[in-house]
Amino acid sequence: MSTYKVGYFIGSLSSTSINRILASALIKLAPEDLEFVEIPIRDLPLYSQDYDNNFPPEATAFKEAISAVDAVLFVTPEFNRSIPGALKNAIDWASRPWGQNSFDHIPAAMIGASVGKLGTAVGQQSLRAVLSFCNARQMTAPEAYIQYTPEGFGEDGTVNDASTEKFLRKYMLEFRNHIHRVLTVLPR
């Protein structure tokens, strides 16, 4: 059995992000053949096309981190019915310069938590549009919009609600199967 290395992005820069807690839960519930590494977005400068001929070290390291993984997982909040600016900035860096798109054909999935009942549904639709342009191979189902409650999750990523735990475990199994299918056809 192959082990797949998954790079994950936390869309929020907050150290107390509920999506960071969700990411911890997903890692705990994932199949054993998935290995996870966070790809941080905090230190990236704002993208400008002026950098395309001379990427700063932070952006070069960021692109190298994506190249070192088999798949990517976006765990992100929704800001103003879209994705957070820091996440969009990171995607812009990864997709540039033209012709050197780090997300081309990469297996990708997204999930997010919010305190609202709609979870991150609208933000994820925005992210899907961006990743479609980047030619990422997105897992389209199951969709996962998680309503976060302090009672439902422990600070360490423990899931206290049985139905949520079951759903997240199934989601991660589906993601693992998606990675396998994509990489069988389009090896990295």
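Everything here concerns the structure above.
Since this is a predicted model, take the numbers as computed values, not measurements. (Residues numbered from 1 in each chain as written. Predicted model: local features only at pLDDT ≥ 70, side-chain atom pairs only at ≥ 80, totals over all residues. Heavy atoms only, no water.)

### Focus: the overall build of the protein
Right, on to step 1. Per the secondary structure count, the protein includes 5 helices and 6 strands.
Right, on to step 2. Taken from N to C terminus, the helices and strands of the protein fall in the order β-α-β-α-β-α-β-α-β-β-α.
Right, on to step 3. Expressed as lengths along the three principal axes of its C-alpha atoms, the size of the protein is roughly 50 × 40 × 25 Å.
Right, on to step 4. Taken across its 188 residues, the protein has 49% of its residues classed as buried.
Right, on to step 5. Taking all contacts inside the protein whose residues are at least 6 apart in sequence as the whole, residues at least 24 apart take part in 80%.
Right, on to step 6. Each charge class in the protein was averaged separately, 17 positive and 20 negative side chains, and the resulting centres sit 5 Å apart. (Helix = DSSP H or I, 4+ residues; strand = E, 2+ residues; numbered from the N terminus. Buried < 20%, exposed > 50% of the residue type's maximum accessible area, 1.4 Å probe, protein only. Contact = heavy atoms within 4.5 Å. Lys, Arg positive; Asp, Glu negative; His and termini not counted. Charge placed at Lys NZ, Arg CZ, Asp CG, Glu CD.)

### Concerning helix α1 (residues 18–29)
Right, on to step 1. For α1, which comprises 12 residues, the first-to-last C-alpha distance of 17 Å matches the rise-based estimate of 16 Å (1.5 Å per residue) to within 8%.
Right, on to step 2. Listed as buried for α1 are N19, I21, L22, A23, A25, L26 and L29.
Right, on to step 3. A side-chain oxygen of the first residue of α1 lies 3.0 Å from the backbone nitrogen of N19; this N-cap is S17. (Expected span 1.5 Å × (residues − 1). Polar contact = N/O pair within 3.5 Å; in protein donor to acceptor, adjacent residues only side chain to side chain.)

### Some details on the pairing of strand β1 (residues 4–10)
Two faces belong to every sheet, and in a regular strand the side chains alternate between them.
Right, on to step 1. Burial of β1 is extensive: 6 of the 7 residues sit out of reach of the surface.
Right, on to step 2. Relative to strand β2 (residues 34–38), β1 runs parallel, the two sharing 5 bridges. For Y8, the partnering residue across the bridge sits in β2 and is E38.
Right, on to step 3. Two strands pair when backbone bridges link them, and β1 and strand β3 (residues 71–75) are joined in this way by 5 bridges, in the parallel orientation. From the neighbouring strand, Y8 faces β3, where its bridge partner is L73. (Pairing = 2+ DSSP bridges.)

### Some points on unusual backbone geometry
Note: most peptide bonds trans; most residues except glycine with negative phi.
Right, on to step 1. That bond from R96 to P97 is cis: its omega, -10 degrees, falls within 30 degrees of zero.
Right, on to step 2. Position of P97 relative to the elements: it lies in the loop between α3 (85–94) and β4 (107–114).
Right, on to step 3. Omega for the peptide link from A141 to P142 comes to 0 degrees, which places this bond in the cis form.
Right, on to step 4. Although it is not a glycine, R81 sits at a positive phi angle of roughly 65 degrees.

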